[in-house]
Amino acid sequence: MATKKLVIANWKQNMVFDETAAWCTDFGRLLKDGKLSERVKIVVCPPAPFIEKVHQMLHPLGVLVGVQDVSAFEDGAHTGYVGVNQTKHFTKYAIVGHSERGEDCETVAKKVELCTKAGIVPIVCFKSPDQYKKFSGAVYALEDPQNISQNGLYRAKSPDEVCSLVREARRFFGDGETIVYGGSVNEENTSGLVVIEGIDGFLVGRASLDPVAFYDIVSKLPL
Ligand code: PGA
């Protein structure tokens, strides 16, 4: 298990520039007023165009920035793609293989390789245990697509279900690896999840769009 707990905000394709800046201001205020444990690491993954802005506003407060995806290609003629070299100055993490992107294993493996080469920690998402694969230096995110919030509605697993999923993942990946759980994690259910043995943190989508809800989740750690 990781020594520091990790809470990752995955904003997906949400919020425009002004909303992003307002989120950072509000979250920054909560961080300054509150007393978060030093053992919690916060990573915010905004849409790519806002990475620099979020970094500028939140990095001084100790928040790390991640990218929601990276290109599977080296630099070159790949219109519209954002590669590790374009993002690595601002991002320490990259979400890779999210189920909403529908990628095959080779593409995911290529992205992991490029991240690692660039010094970015890949957060590799797995839909189900039969897909588990070890990648040196990665964070493993357990995310059953059935439990990812949809149209603003949470579809959470019960803590018991999360517990068995995490136990199985822990057996596969080993004690030393970082495993986070995602899928409808929100301010209401975090307390029931933080007590589960073997979880190193959470990957939070919808609830991370509200700075107060996200801060609430973060403040319930360390586990
Ligand atoms: P959710 O999304 O928290 O809205 O379910 C999680 C994710 O897909 O990363």
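Check the entry above for the structure.
It should be emphasised that the depicted structure is a prediction, and the values quoted were computed from it without experimental measurement.

### Observations concerning unusual backbone geometry
Link 1 in the chain: For Lys12, which is not glycine, the phi dihedral falls at a positive 55°.
Link 2 in the chain: Residue position: Lys12 is located in the loop between strand E1 (5–10) and helix H1 (17–33).
Link 3 in the chain: For Met15, which is not glycine, the phi torsion reads 75° and is therefore positive.
Link 4 in the chain: With respect to the secondary-structure elements, Met15 resides in the loop between E1 and H1.

### Focus: the site of the ligand
Link 1 in the chain: In the vicinity of the ligand lie 13 residues, with Lys12, His98, Glu143, Ser149 and Ser184 positioned nearest.
Link 2 in the chain: Ser184 places a polar main-chain atom, nitrogen or oxygen, 2.7 Å from an oxygen atom of the ligand.
Link 3 in the chain: For the ligand, whose free accessible area comes to 280 Å², the fraction covered by protein is 100%.
Link 4 in the chain: Cavity membership is defined here by more than half of the atoms lying within 2 Å of grid points; on that basis the ligand lies in the largest cavity.
Link 5 in the chain: Taken together, the residues that form the shell around the ligand break down as three nonpolar, seven polar and three charged.

### Structural notes on empty space enclosed by the protein
Link 1 in the chain: Evaluated as defined, the whole model comprises one cavity of 30 Å³ or more.
Link 2 in the chain: Counted as a void, the largest cavity has a volume near 100 Å³.
Link 3 in the chain: Lining of the largest cavity is provided by 14 residues; of these, Lys12, Gly183, Ser184, Val204 and Gly205 occupy positions nearest its centre.

### Structural notes on the packing of aromatic side chains
Link 1 in the chain: On inspection of all chains with the given rule, the structure shows 14 aromatic pairs.
Link 2 in the chain: Ring plane angle 85° and centroid distance 5.5 Å describe the contact between Phe126 and Tyr132, whose orientation is recorded as edge-to-face. The exposure classification of Phe126 matches that of Tyr132, with both residues buried.
Link 3 in the chain: An aromatic cluster is defined as three or more aromatic residues linked by ring pairs; in this entry it consists of Trp11, Trp23, Phe27, Phe214 and Tyr215.

### Re the layout of surface pockets
Link 1 in the chain: If you add up the space inside the largest pocket, you get close to 420 Å³.
Link 2 in the chain: What lines the largest pocket is a set of 20 residues, among which Gln68, Asp69, Val70, Arg101 and Lys111 lie closest to the centre.
Link 3 in the chain: Residues belonging to the lining of the largest pocket are distributed by class as follows: 10 nonpolar, five polar and five charged.

Rules of the game
Residues numbered from 1 in each chain as written. Predicted model: local features only at pLDDT ≥ 70, side-chain atom pairs only at ≥ 80, totals over all residues. Heavy atoms only, no water. Helix = DSSP H or I, 4+ residues; strand = E, 2+ residues; numbered from the N terminus. Near = heavy atom within 4 Å. Polar contact = N/O pair within 3.5 Å; in protein donor to acceptor, adjacent residues only side chain to side chain. Areas by Shrake-Rupley, 256 points an atom, 1.4 Å probe, with all protein chains shown as cover. 1 Å grid on protein atoms, 1.4 Å probe; cavity = no way out; pocket = protein on both sides within 12 Å on 5 of 7 lines; lining within 4 Å. Sits in = over half its atoms within 2 Å of the grid points. Nonpolar A, V, L, I, M, F, W, Y, C, P; charged D, E, K, R; others polar. Points joined across faces, edges and corners; volume = space filled by probe spheres on them. Phe/Tyr/Trp six-rings, centres within 6.5 Å; stacked < 30°, edge-to-face > 60°. Buried < 20%, exposed > 50% of the residue type's maximum accessible area, 1.4 Å probe, protein only.

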